[in-house]
Amino acid sequence: NMECMESTKINMSQLLQSNFRGNPRLKHIASSFSWRQIYQNSETYQLKLDSGAIIKLRQIGNGEMKGLGTGTLVWPAAHVLSMYLEKHYGSGNNDKQTDSLFSGARVCDIGSGTGCVGFVAALLGAKVTLTDQDCVLFLLEQNATTFLEEHLTVCKDNIEVKIYDWGMATNHLE
């Protein structure tokens with residue numbers, strides 16, 4: 001119930017505060033993970049990039065319980081990898097000449113789920129093939145449509161959605 005969830009949030013916050021009270025560096029690191037819970041149970045996940053771009057992704061809670069597998073939510077690893085890619089390969093990265101790494105590159109995101117990481121690669125200039133199992137493809141296609149409508153700088157031809165299940169032949173992905 002909601003009351004229990006709210007008290008859990010408070011207790012988690014108190015736990016973080018008390019455990020890291022003596023170490024400001026650890027306290028800062030722990031607070032930097034607050035984004036993990038913001039959209040956990042939300043139908044929409046918003047990834048805010050340092051460039052100012054916002055990627056809005058539809059997600060479905062408890063996808064496994066609904067027979068849709070694990071690809072219906074943005075996983076924390078997808079969020080972290082997306083931020084890493086932008087930080088190290090985005091146009092705001094002036095200390096290295098890596099801006100062109102994704103420009104024109106072909107990226108195949110296997111097990112895309114909501115498409116989070118693949119959409120960041122597309123914003124960085126890659127031609128992206130997003131893949132997942134048939135049962136979650138509808139969600140990936142919806143997110144791709146929304147992404148292309150909201151990010152007009154990405155060419156429609158640079159995003160493809162295809163079915164792929166682990167162990168299948170890959171010749172249809174070329």
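Residues numbered from 1 in each chain as written. Predicted model: local features only at pLDDT ≥ 70, side-chain atom pairs only at ≥ 80, totals over all residues. Heavy atoms only, no water.

## Comments concerning the pattern of salt bridges
Here's step 1: Counted according to the given criterion, the structure contains one salt bridge.
Here's step 2: Among the salt bridges present, the one from glutamate 160 reaches lysine 162, with a minimum N-O distance of 3.8 Å.
Here's step 3: Classification of lysine 162 by relative accessible area gives buried; the value is 19%. (Salt bridge = Lys/Arg side-chain N within 4 Å of Asp/Glu carboxyl O. Buried < 20%, exposed > 50% of the residue type's maximum accessible area, 1.4 Å probe, protein only.)

## Points about helix α4 (residues 76-89)
Here's step 1: With 14 residues, α4 extends 20 Å from end C-alpha to end C-alpha; this agrees with the ideal 20 Å at 1.5 Å per step.
Here's step 2: All of the buried residues in α4 are Ala78, His79, Ser82, Leu85, Glu86 and Tyr89. One side of α4 holds all its buried residues, which, seen down the axis, span an arc of 140°. Projecting away from the buried face of α4 at angles above 90 degrees are the exposed residues Ala77 and Lys87. (Helix = DSSP H or I, 4+ residues; strand = E, 2+ residues; numbered from the N terminus. Expected span 1.5 Å × (residues − 1). Arc of directions from axis to C-beta.)

## A look at the pairing of strand β2 (residues 54-58)
Here's step 1: Across the two faces of β2 the burial differs, with Ile55 and Leu57 buried and Ile54, Lys56 and Arg58 not buried at all.
Here's step 2: Alignment of strand β1 (residues 44-48) against β2, held across five bridges, turns out to be antiparallel. Across the sheet, glutamine 46 pairs through a bridge with lysine 56, a residue of β2.
Here's step 3: Between β1 and β2, which pair antiparallel in sequence order, lie five residues; one of them, glycine 52, sits at a positive phi of approximately 100°. (Pairing = 2+ DSSP bridges.)

## Digging into the nonpolar core
Here is a general trend for soluble globular proteins: nonpolar side chains tend to be buried in one another's company.
Here's step 1: Grouped together as the largest cluster of nonpolar side chains are 28 residues, with contacts concentrated most on Ile55, Phe119, Phe147 and Ile159.
Here's step 2: The set of elements that each furnish at least two residues to this core consists of β1, β2, α4, α5 (116-123), β4 (127-132) and α6 (137-150).
Here's step 3: Among the elements that take part in this core, α5 stands out by supplying six residues, more than any other.
Here's step 4: Beyond its immediate chain neighbours, meaning those up to four positions away, phenylalanine 119 contacts Ile55, Leu57, Thr114, Leu130, Asn143, Ala144, Phe147 and Ile159. (Core = buried A, V, L, I, M, F, W, Y, C linked by side-chain atoms within 4.5 Å. Contact = heavy atoms within 4.5 Å.)

## Let's talk about the pairing of strand β5 (residues 159-163)
Here's step 1: Relative to β5, β4 runs parallel, the two being bridged by five bridges. Bridging from a neighbouring strand, threonine 129 pairs with glutamate 160 of β5.
Here's step 2: Assessed by its sense of winding, the connection that carries the chain from β4 through α6 to β5 is right-handed. (Right-handed = clockwise from strand over helix to strand, strands pointing away.)

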